[in-house]
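# Fold and contact review
Next come the chains, spelled out residue by residue.
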Amino acid sequence: MAIDFKKIEKDLYQPGAKPAIIEVPEMTFIMIDGHGDPNTSEAYQTAVEVLYGLAYTVKMSKMGGRQPKGYYDFVVPPLEGLWSTETGAVETGITDKSAFCWTSMMRMPEFVTPEVFEEVKVHLSKKKPSLDSSIARLDVFTEGLCAQVMHTGSYDSEPATIHALKAFVADSGYRIDLSATRKHHELYLNDPRKTSPEKLKTIIRYPIIK
């Protein structure tokens, strides 16, 4: 049976509508950096396509004698994103979405080593030459102490949920700890192409410090 991180790590992937504090462990991600409005940016759409292409190539690496050491079948995890702007954070409403700087990312099982990743990129390039897998990197990301909450609704309605999360952080004796490496983090549990805006579920996560 395929391992589903969302089901076995519910604290990470199934938060409630009320904010909570969580320690996020070290994890391996495929990451692609870019900037611009995700709704109109060709670079963002390309990044998402490359991420899914690489993730499913990893998943299917059990086929054709390419199975990596330590391989196990897994459900492809949700798309995630780290968000900032050139001037700082994004926790309040931003009208100019072209100002976004983003890292689009997808978690990978621990058997995906740098060597496995390079083989996967080569395989994807042969299968889909139109996808430039060179824009992707494999990185180990340790987020640490965070506060998170489940937001239900459109992406444009996030500010109210973010303000509630920030209030919770302050009331709990912590403060938001945004930096060049610790950013506004979102995990997308639905496909916006197939889900009505009011039913979208997005985990909003912020790094915090005492």
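Above: the structure in question.
This section reports on the structure supplied with the text. Sequence order as written defines the numbering, with residues in each chain counted from 1. Only residues with pLDDT of at least 70 get local features here, since the model is predicted, and only at 80 or more are side-chain atom pairs given and counted; chain-wide, interface and lining totals rely on the full set of residues. Water and hydrogen atoms play no part in the side-chain values, which are based on all heavy atoms of the structure.

Each helix is a run of H or I in the DSSP string that is no shorter than four residues. Each strand is a run of E no shorter than two, and both are numbered from the N terminus. Here the expected span of a helix is defined as 1.5 Å times the quantity of residues minus one. The terminal C-alpha atoms of helix α5 (residues 158-171), which comprises 14 residues, lie 20 Å apart, in line with the 20 Å expected from a rise of 1.5 Å per residue. Under the scheme applied here, a residue whose accessible area is under 20% of the maximum for its type counts as buried, over 50% as exposed, and between as partly exposed, the area being computed with a 1.4 Å probe on protein chains only. Every buried residue belonging to α5 is among Glu158, Thr161, Ile162, Leu165 and Val169, and all of these are buried. Seen from one end, α5 has its buried residues packed into an arc of 100°, which puts them on one side. Turned more than 90 degrees away from the buried face of α5, the exposed residues are Ala160, Ala170 and Asp171. We call two residues in contact when some of their heavy atoms are within 4.5 Å. In this structure, the buried side of α5 is in contact with β4 (137-152), β5 (175-176), β6 (184-188) and β7 (201-209). Of the residues flanking the end of α5, it is Gly173, one or two places downstream, whose phi is positive at about 85°. When we speak of the arc, we mean the arc of directions from the helix axis to the C-beta atoms.

Any carboxyl oxygen of Asp or Glu that lies within 4 Å of a side-chain nitrogen of Lys or Arg is treated as forming a salt bridge with it. Inspection of the entire model under this criterion finds 11 salt bridges. Among the salt bridges present, the one from Asp177 reaches Arg182, with a minimum N-O distance of 2.6 Å. According to the relative accessible area criterion, Arg182 is buried, its value standing at 19%. Here the residues in one salt-bridge network are Asp33, Arg137 and Asp139, joined through shared partners.

For the rest of this paragraph, the subject is the packing of aromatic side chains. Each aromatic pair joins two rings of Phe, Tyr and Trp (for Trp, the six-membered one) with centres within 6.5 Å, and gets the label stacked for planes under 30 degrees apart, edge-to-face for over 60, and tilted for any other angle. Evaluation of the coordinates by the stated rule reveals nine aromatic pairs. Both rings, one in Tyr52 and one in Tyr56, keep their centres 6.5 Å apart while their planes meet at 20°; by these two values the pair is stacked. Taken together, the positions of Tyr52 and Tyr56, both in helix α3 (residues 42-59) and four residues apart, correspond to about one turn of that helix. A relative accessible area of 32% places Tyr52 in the partly exposed class. A centroid spacing of 5.7 Å and a plane angle of 80° characterise the contact between Tyr155 and Tyr188, whose relative ring orientation is edge-to-face. With Tyr155 in the loop between β4 and α5 and Tyr188 in strand β6, this pair connects stretches of sequence that are 33 residues apart. A relative accessible area of 10% means that Tyr188 is categorised as buried. A network of ring pairs unites the aromatic residues Tyr44, Trp83, Phe100 and Trp102 as a single cluster. When the ring centre of Tyr174 is taken as origin, the NZ or CZ atom of Lys210, which lies over that ring, is 4.3 Å away. The criterion for a charge sitting over a ring is simple: Lys NZ or Arg CZ within 6 Å of the ring centre, and within 35 degrees of the ring normal.

A separate point is the pairing of β7. The side chains of a regular strand alternate between the sheet's two faces. The buried fraction of β7 amounts to seven of the nine residues, a majority that puts the element mostly inside the structure. We call two strands paired when DSSP finds no fewer than two bridges between them. Here β5 pairs with β7 via two bridges, running antiparallel. Each bridged residue has a counterpart across the sheet, and for Ile176 the counterpart in β7 is Ile208. Here β6 pairs with β7 via four bridges, running antiparallel. Among the inter-strand pairings, Tyr188 is bridged to a residue of β7, identified as Thr202.

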